[in-house]
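Structural characterization, general
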Amino acid sequence: MARAIAFLRAINVGGRHTVTMTELRRMFETMGLKDVETFIASGNVIFSAPPGDPAALQRKIEQHLHKSLGYEVKVFLRTESEVAAIAQYKPFKEARLRTARVLNVAFLAAPLDAAAIKALLALRTDIDDFHVNGREVYWLCMKKQSESKFSNVRFEKIVATRATFRGLNTVAKLAAKYGR
């Protein structure tokens, strides 16, 4: 059994799509996944699954959650080692990281194409900077996120794909607990 972490989009957001962590664990267990745990109430689920095609597993989870909840939940799967690598990756110079308010990571299903990267990088401002690495986009916000014009909705519109964002602190805590 391989360990994986599912980052879910549209779970416990703005009070619209609230699901208890107990309910979420049960939904994963009914799919035959083992050792299911949740990590903070923002749609992070850790589990063991038989080896196989990650894309097929991702689709299976999405379909099951849609059927169970009645709305689309986009799923972004990463292995424990991938999460550890994401947490360790240094997308910006240390001096910039020390002066920033927050560093977020966007999880994508597939890497962005050249046109999407160009469109994203055109959004750079004095407040916001971006770095693309494989299936992740790092967003450095120098001020409060509420002072930024950047958002998940704007990101998805510009790059024409779905994503879910997590603070790098959350990813680092996941990596410390589950990363290999």
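Located above this text is the structure these notes cover.
Residues numbered from 1 in each chain as written. Predicted model: local features only at pLDDT ≥ 70, side-chain atom pairs only at ≥ 80, totals over all residues. Heavy atoms only, no water.

1. Let's talk about the packing of aromatic side chains
Going through the model one piece at a time under the given rule, you end up with 10 aromatic pairs. Taken together, a centroid distance of 5.5 Å and an interplanar angle of 50 degrees make the contact between Phe28 and Phe47 tilted. With Phe28 in helix H1 (residues 21–29) and Phe47 in strand E3 (residues 44–49), this residue pair connects regions lying 19 residues apart in the sequence. Relative accessible area serves as the criterion here: at 0%, Phe28 is assigned to the buried category. You can call Phe47 buried: its relative accessible area is 0%. Pairwise contacts between aromatic rings join Phe130, Trp139, Phe150, Phe155 and Phe165 into one cluster. Above the face of the Phe76 ring, Lys74 is positioned so that its terminal group lies 6.0 Å from the ring centre. (Phe/Tyr/Trp six-rings, centres within 6.5 Å; stacked < 30°, edge-to-face > 60°. Helix = DSSP H or I, 4+ residues; strand = E, 2+ residues; numbered from the N terminus. Buried < 20%, exposed > 50% of the residue type's maximum accessible area, 1.4 Å probe, protein only. Lys NZ or Arg CZ within 6 Å of the ring centre and 35° of its normal.)

2. Looking at the nonpolar core
Looking at soluble globular proteins, one finds that nonpolar side chains tend to be buried together. Among the nonpolar cores identified, the biggest contains 23 residues, and Leu8, Leu24, Phe28, Leu33, Phe47, Ile61 and Leu65 are the most heavily contacted of them. Within the residue set of this core, elements represented by two or more residues are strand E1 (2–9), H1, E3, helix H2 (54–69) and strand E4 (74–79). With four residues, the single largest contributor to this core is H1. Residues within four places of Ile61 in sequence aside, it is in contact with Phe28, Met31, Leu33, Phe47, Val75 and Leu77. (Core = buried A, V, L, I, M, F, W, Y, C linked by side-chain atoms within 4.5 Å. Contact = heavy atoms within 4.5 Å.)

3. Points about the sheet that holds E4
Sheet architecture is open: four strands sit in the order E2-E3-E1-E4, paired in antiparallel fashion. A single partner strand is all that each edge strand has here, and the edge strands are strand E2 (34–38) and E4. The average undirected angle you get between the axes of adjacent strands in this sheet is 25 degrees. Sheet topology note: the E2/E3 ladder contains three bridges and is antiparallel. Within E3, the position partnered with Thr38 by the bridge is Val45. Sheet strands touched by H1: E1, E2 and E3. Its angle to E2, the strand with the most contacts, is close to 155 degrees. Taken strand by strand, H2 contacts E1, E3 and E4, and its axis lies near 145 degrees from that of E4. (Pairing = 2+ DSSP bridges. Axes fitted to C-alpha atoms, helices over the stretch in contact; angles between N-to-C directions.)

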